[in-house]
Amino acid sequence: MASATIGRKSIPNGRPKGDARSLKKKRDIDDVQKLQNAVSELVGDRLVVRKDGNAKTSQDIKAEIKNFADLPLSQTTAKGLEASHFKSLTDIQLKAVPRALKGRDILGAAKTGSGKTLSFLIPVLENLYRQKWTELDGLGALIISPTRELAIQIFEVLRKIGRYHTFSAGLVIGGRSLQEERERLGRMNILVCTPGRMLQHMDQTAAFEVDNLQMLVLDEADRIMDMGFQMSVDAIIEHLPKQRQTMLFSATQTKKVSDLARLSLRDPEYVAVDEGASSATPSTLQQHYVVTPLAEKLNTLYGFIKASLKSKIIVFFSSGKQVRFAYESFRHLQPGIPLLHLHGRQKQAARLDITSKFSASKNACIFATDVVARGLDFPAVDWVIQVDCPEDADTYIHRVGRTARYGRVGRAVMFLDPSEEEGMLKRLAHKKVPIEKINIREKKQQKVQNQLQNMCFQDPELKYLGQKAFVSYTRSLFVQKDKDIFDISKYNLEGYAASMGLPGAPKIKFQRGDDAKRLKNASRAALSSEEDSDREEEKPKKKDEVRTRYDRMFERRNQDVLSGHYSKMIAEDDGNGLETQADADEDDDFLSVKRVLPVDGNSSSEENEFDIAASGPAAKVIPGIGREPLVIDSNRMEKLLKSKKKLLKLKEKGQKVKFDDEGVPYEPNNVENEEDFRKRGSAQAQRARFLEEEAARVREADIEDKQLAKDKKRDKREKKRAREAAERDGVEDETPDLGEAGEDEDPMALLRSLPLDDDENEEAEERPAKRPRKWFEDESDEERETAKKNNSRVSGVADEPETLEDLEALAAGLLN
Ligand SMILES: Nc1ncnc2c1ncn2[C@@H]1O[C@H](COP(=O)(O)OP(=O)(O)OP(=O)(O)O)[C@@H](O)[C@H]1O
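Residues numbered from 1 in each chain as written. Predicted model: local features only at pLDDT ≥ 70, side-chain atom pairs only at ≥ 80, totals over all residues.

A. Quick peek at the overall build of the chain. Each helix and strand in the chain was counted, giving 32 helices and 22 strands. Contacts spanning at least 24 positions in sequence make up 77% of the contacts within the chain whose residues lie at least 6 apart. (Helix = DSSP H or I, 4+ residues; strand = E, 2+ residues; numbered from the N terminus. Contact = placed C-beta atoms within 7 Å.)

B. Examining the nonpolar core more closely. Counting residues in each nonpolar core, the largest one holds 137 residues, and the members touching the most others are Val-217, Val-315, Ala-368 and Ile-385. There are two domains that each give this core at least three residues, and those are domain 1 (19-272) and domain 2 (285-478). Setting aside residues no more than four positions away along its own chain, Ala-368 makes contact with Ile-314, Val-315, Phe-316, Val-323, His-341, Leu-342 and His-343. (Core = buried A, V, L, I, M, F, W, Y, C linked by C-beta atoms within 7 Å. Buried ≥ 20, exposed ≤ 12 C-beta atoms within 10 Å, placed from the backbone. Domains from an automatic or database assignment.)

C. Examining the site of the ligand more closely. Neighbouring residues of the ligand: 19 residues in total, closest Gly-115, Lys-116, Thr-117, Gly-375 and Tyr-406. With three residues, helix α4 (residues 116-130) is the largest single contributor of residues to the shell around the ligand. Tallied by class, residues from the shell around the ligand come to six nonpolar, ten polar and three charged. Composition of the shell around the ligand by domain shows at least three residues from each of domain 1 (19-272) and domain 2 (285-478). (Near = placed C-beta within 6 Å. Nonpolar A, V, L, I, M, F, W, Y, C, P; charged D, E, K, R; others polar.)

D. Broad picture of the confidence of the model for the chain. Across the chain, the average pLDDT comes to 74, with 65% of residues at 70 or higher. Overall, residues 730-816 carries pLDDT values under 50, and its contacts beyond four positions in sequence, including any with other chains, amount to 112 contacts. We note a pTM of 0.65 for the whole complex and an ipTM of 0.99 for its interfaces. (pLDDT = per-residue confidence, 0-100.)

E. Inspection of the sheet that holds strand β16 (residues 383-386) at higher detail. Sheet architecture is open: seven strands sit in the order β14-β15-β13-β16-β17-β12-β18, paired in parallel fashion. Single-partner strands in this sheet number two, and they are β14 (339-342) and β18 (436-437). As paired elements, strand β13 (residues 312-316) and β16 share four bridges and run parallel to each other. Bridging across to β16, Val-315 finds its partner in Ile-385. Packed on one face of the sheet, helix α13 (residues 348-360) meets β14 and β15 (364-368) and runs near 135° to β14. (Pairing = 2+ DSSP bridges. Axes fitted to C-alpha atoms, helices over the stretch in contact; angles between N-to-C directions.)

F. Quick peek at the sheet that holds strand β3 (residues 46-49). Spatial strand order, β2-β3-β4: three strands in an open sheet with antiparallel pairing. This sheet does not close on itself; its edge strands, each paired only once, are β2 (42-43) and β4 (61-64). In the sheet, β3 pairs with β4 via four bridges, with the strands oriented antiparallel. By the bridge assignment for β4, Val-48 is matched with Lys-62.

G. Inspection of the pairing of strand β9 (residues 215-219) at higher detail. For β9, a buried count of five out of five residues is recorded, marking the element as mostly surrounded by other parts of the structure. Pairing of strand β6 (residues 141-144) with β9 involves four bridges; the strand directions are parallel. Paired with Ala-141 across the two strands is Met-215, which belongs to β9.

H. Representation of the environment of Phe-325 in the model. Checked against the element boundaries, Phe-325 lands in helix α12 (residues 320-333). Measuring from C-alpha to C-alpha, the distance between Phe-325 and Gln-467 comes to 9.1 Å, with 142 residues separating the pair along the chain. Contact partners of Phe-325, with chain neighbours within four places excluded, come to Leu-465, Gly-466, Ala-469 and Met-500.

I. Spatial organisation of helix α14 (residues 393-400). Counting buried positions over the eight residues of α14 gives eight, a clear majority of the element. Every buried residue of α14 is accounted for by Ala-393, Asp-394, Thr-395, Tyr-396, Ile-397, His-398, Arg-399 and Val-400.

J. Broad picture of the pairing of strand β5 (residues 106-109). Alternating positions in β5 separate into two faces, Ile-106 and Gly-108 on one and Leu-107 and Ala-109 on the other, with burial throughout. The sheet contact formed by β5 and strand β10 (residues 245-250) spans four bridges and is parallel. Among the inter-strand pairings, Gly-108 is bridged to a residue of β10, identified as Phe-249. Sheet topology places β5 next to strand β11 (residues 269-272); four bridges connect them, and they run parallel. By the bridge assignment, Ile-106 is partnered in β11 with Glu-269.

K. The arrangement of the packing of α12 against helix α17 (residues 460-479) in detail. For the pair α12 and α17, interaxial distance at closest approach is 8 Å and the crossing angle is 145°. As for how α12 packs across α17, the hand of that crossing is left-handed. For the pair α12 and α17, the contacting residues are Lys-321, Gln-322, Arg-324, Phe-325, Glu-328 and Ser-329 in the first and Leu-462, Leu-465, Gly-466, Lys-468, Ala-469, Ser-472 and Tyr-473 in the second. For the contact of α12 with α17, the per-class residue count stands at five nonpolar, four polar and four charged. (Left-handed = near helix turned anticlockwise from the far one by under 90°.)

L. Molecular detail of helix α5 (residues 148-161). An ideal rise of 1.5 Å per residue puts 20 Å on 14 residues; α5 measures up with 20 Å between its terminal C-alpha atoms. Counting buried residues along α5, ten of its 14 residues qualify, which places the element largely inside the surrounding structure. Within the sequence span of α5, burial applies to Arg-148, Glu-149, Leu-150, Ala-151, Ile-152, Gln-153, Ile-154, Phe-155, Leu-158 and Ile-161. (Expected span 1.5 Å × (residues − 1).)

M. A look at unusual backbone geometry. Its identity as a non-glycine residue notwithstanding, Tyr-406 has a phi of 45°, on the positive side. Residue position: Tyr-406 is located in the loop between α14 and β17 (410-416). Taking the number of C-beta atoms within 10 Å as the measure of exposure, Tyr-406 has 13 and is therefore partly exposed. Even without being glycine, Lys-432 reaches a positive phi, approximately 60°.

This is how it looks when you write it as structure tokens:
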């Protein structure tokens, strides 16, 4: 947990002694008393100034408050504000701060970028100060934010303006060990947190007392109160004392009576700015939309980025997988502007690094999910682009609010599929959002489809990313509640898949039952929510869990960049046609694609060898060395196979191979001369022909793969039947059931060209100890992989067979 004593040392040059100390104490008490009196003289957003004496008279005037210096604030807060260059109050601050200083519950609503953060931070500091809050009093104020980034930002502002106070403040957002946070938690006076992590502490940290809490603040309150956070927030509230001050702030405020009842607000003041104004968004924001069919969106986006290289741009997508695909593929296209990406599944450190990089850069383009839609205050953003239509008008308002902040100018463009136009415009008009249609200049459009196709063809891993992005996008369309905007039957999904360079649209299985209902009720933002990633990092590791050889055998998988993807494709079936929770948790794909792992097919080379040994032939066969498999039929042969040096002799001599500009290998002595090359037509024609042929090849391979998958499925069914028959006859079969696809689904749908098990085995054998990082992987990917490896080591893979003897022993064990 990040924590800070947000104030200075109150006694800089040693302790004042005797009289001096008691004098100071008295002065402090007097100051606080004066402040208390002045605060009680606040009426609305004015301060009563007494003309004569102490008693209130009719001649007293209500002085207008304009600057922070006009407010009854402590010296420490006033100095902090001054040092942070905050002088005059914004409209929302003017309305909210005086009322909040008086201890009123507040429902604050004002446009994005209008200064709501200070509206609650100043009262938090002041109200605790006037109560002479000390470390011994424990937690005095709790500020809840829906995302970690926003929590960090609030904490930073708190540190700035509270720098002369002596309160201790902490940030509880996960990403560090619970234990580490626990140790400091008890000493904090002010906490800024995300709901999931806070609840975890309330439930698990015995020494964490909240009985004294005076103030609760919910920033982006409507988001915190909605489905995605409902359970955590309700549980947090249950822990808190009922007698407290509660403040809710958002640009799109909740007024639902049920929500307010949940928070037990006491006679709240509804403090709104610009109620009844002509627009719900800042007047300095220019808002446009373009109608661009789904299949054209990536082209339009690329064209837009190329035309705006000297800008700072935020591009919103609806899911992290889309963000990753767009980022990885566009990065390779090198548009000429630094590209960044941010989504909830990245590690906390990486996310922090990315937000600060984007904040600091003048020209950059960040692809992001709604993780950055709320509250984040990136300086000087020129453009907000919404590639995917936002789920509702509120999300639209928050997304565009990342630009045109605090009176600055900004521009926003939303891409709409023709089917979304009418519905979305209606919703925006209802919320008073002024938006104009613009057309795309044909000349500015950039066709990237062919390049993406090439890239996906050359790099299966990018293709998998694309497939996952496709599935998550389709899923997000399906879960949309507003069917006036989102009608899944109206989108050209095949065209969309082609625009991503995919060899066909992955088929998608719709989930049934209660889970489907739960997911449908949750908002899209909630599904890709920040809290998911909190959970991801907090998954408890069962350290001393006893695991059998079978467990390990079936948990083992290729430590390869594909393995995560691969395992997600193997959806376990609970027998009712529903995915198991574990799977849903891991990927939270509402529309799942299923593949059945053949019971007799293993995914690593070790297991392949192991299988052969386990099935008990007299001789063991080691595949993949030289042309012929080597048969171990004597001790001498076995020894030979253990000596690397000797093995080298058995290997084929290498061939000289060079690589062309695109990394394709060729034999240097076998290069076609230029004349022959020209005879076959122009380079462009040849390239087009090549692409056509390759595309046809991919299609053919898809058909073969599908057939293969069907055969395997049939095989498996037969095996299952046989097993069941054997069970009926009383024979116990120990082969674990890895789940089975439903009759009506195509288990290979998304995997049309994913290497089958045998290919994977070969690949695993050839894989070097440490795979070099690919062009589209960043460090976090590598870290993740290493972490995966380390984790699997911790969980017992250290016992895996390393030598032939190990293998034999293992095999013998199994056979027994
Ligand atoms: N009184 C002020 N004087 C000068 N700048 C201010 C003042 N109040 C806020 N700001 C600046 O205005 C910007 C927006 O403030 P803030 O982030 O609090 O907006 P917000 O209303 O919370 O926006 P959102 O609805 O997007 O969360 C920040 O950069 C902040 O530093």
